[in-house]
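Listed below, chain by chain, are the residues.
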Amino acid sequence: MNLPFTGGCACGAVRYSTPHAPVFQNHCQCRDCQRRSGTGHGSWLTFPSSAEMALTGEVRHWETVGDSGNAKIHAFCPVCGTSVALRFTAMPDLVAVPAGSLDEPARFAPQVVTYRVRGLTWDRVDPSLTAFERMPG
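Attention in this report is confined to the structure presented alongside it.

Summarising the element assignment, serine 49 is placed in the loop between strand S4 (42-47) and strand S5 (54-56). In the structure, serine 49 is positioned 46 residues away from valine 95 in sequence and 6.6 Å away in space, judged by C-alpha atoms. With residues near it in sequence (within four places) discarded, serine 49 still touches His20, Asp93 and Val95.

Now for the environment of proline 105. Inspection of the secondary structure puts proline 105 in the loop between strand S9 (91-98) and strand S10 (112-114). Taking relative accessible area as the criterion, proline 105 reaches 43% and is therefore assigned partly exposed. In the structure, proline 105 is positioned 39 residues away from glycine 66 in sequence and 25 Å away in space, judged by C-alpha atoms.

Next up on the list: the sheet that holds strand S1 (residues 5-8). On the basis of which strands lie adjacent, the open sheet formed by three strands has the order S1-S2-S5 and antiparallel pairing. Single-partner strands in this sheet number two, and they are S1 and S5. Averaged over neighbouring strand pairs, the angle between their axes works out to 10° when direction is ignored. Alignment of strand S2 (residues 15-18) against S5, held across three bridges, turns out to be antiparallel. When the sheet's bridge partners are listed, arginine 15 is paired in S5 with threonine 56.

Throughout the structure, instances matching the rule amount to one aromatic pair. Here arginine 107 stacks its cationic end above the ring of phenylalanine 5, 3.7 Å away from the centre of that ring.

With 17 residues, the main nonpolar core has Leu45, Phe47, Val84 and Val97 as its most contacted residues. For this core, the secondary-structure elements that each account for two or more residues are S4, strand S8 (83-88) and S9.

Inspection of the secondary structure assignment puts lysine 72 in strand S7 (residues 71-76). One polar contact links lysine 72 to aspartate 32, side chain to side chain, over a distance of 2.7 Å. In this structure, lysine 72 is in contact with Cys30, Asp32, Trp62, Glu63, Thr64, Gly66, Leu86, Arg87 and Phe88, ignoring residues within four places of it in sequence.

Next up on the list: the pairing of S1. Of the strand pairs in this sheet, S1 and S2 are connected by four bridges, and their pairing is antiparallel. Considered in S2, the bridge of glycine 8 is made with arginine 15. Here S1 folds back onto S2 in antiparallel fashion, the turn holding six residues, of which glycine 12 has a positive phi close to 90°.

Another point: the pattern of salt bridges. Side-chain pairs of opposite charge can arise whenever the charged atoms involved come near each other. Scanning all chains against the criterion turns up four salt bridges. Its salt-bridge partner being aspartate 32, residue lysine 72 comes within 2.7 Å of it at the nearest N-O pair. Of this pair, lysine 72 sits in strand S7 while aspartate 32 sits in helix H1 (residues 31-37); the two residues are 40 residues apart in sequence, bridging distant segments of the chain. Assigned by exposure class, lysine 72 and aspartate 32 land together as buried. For glutamate 104, the salt bridge identified is with arginine 107, shortest N-O distance 3.9 Å.

What counts and how
- Residues numbered from 1 in each chain as written.
- Predicted model: local features only at pLDDT ≥ 70, side-chain atom pairs only at ≥ 80, totals over all residues.
- Heavy atoms only, no water.
- Helix = DSSP H or I, 4+ residues; strand = E, 2+ residues; numbered from the N terminus.
- Contact = heavy atoms within 4.5 Å.
- Buried < 20%, exposed > 50% of the residue type's maximum accessible area, 1.4 Å probe, protein only.
- Pairing = 2+ DSSP bridges.
- Axes fitted to C-alpha atoms, helices over the stretch in contact; angles between N-to-C directions.
- Phe/Tyr/Trp six-rings, centres within 6.5 Å; stacked < 30°, edge-to-face > 60°.
- Lys NZ or Arg CZ within 6 Å of the ring centre and 35° of its normal.
- Core = buried A, V, L, I, M, F, W, Y, C linked by side-chain atoms within 4.5 Å.
- Polar contact = N/O pair within 3.5 Å; in protein donor to acceptor, adjacent residues only side chain to side chain.
- Salt bridge = Lys/Arg side-chain N within 4 Å of Asp/Glu carboxyl O.

As structure tokens, then:
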């Protein structure tokens, strides 16, 4: 696998890089992802070390409570509004990035669909992926 994984916001003001391979890649159909993405799901790569995710440029944060009841902290570019990172208070070592923010978005290889219980009939994701009603435990 080619490392590092790099990406950033739409306007280029915020960049990130991680030397790690993702530990989880998913399409998430929770309400938070629907609202944040403006469509039926979010597509995420989750990495094992938020401490080793290099982030350059100014970011702003907002916090929400996910369907799990746990808080999530979103980082976004204050210039263009692009989401660039997501941290989880219940799992502070992890950090996720939206698949579309990667410099090479074709590197995204979804493994599962999460929060299928919130899936919308018009949002059809790959039916060959394992789908979990909520987040797998």
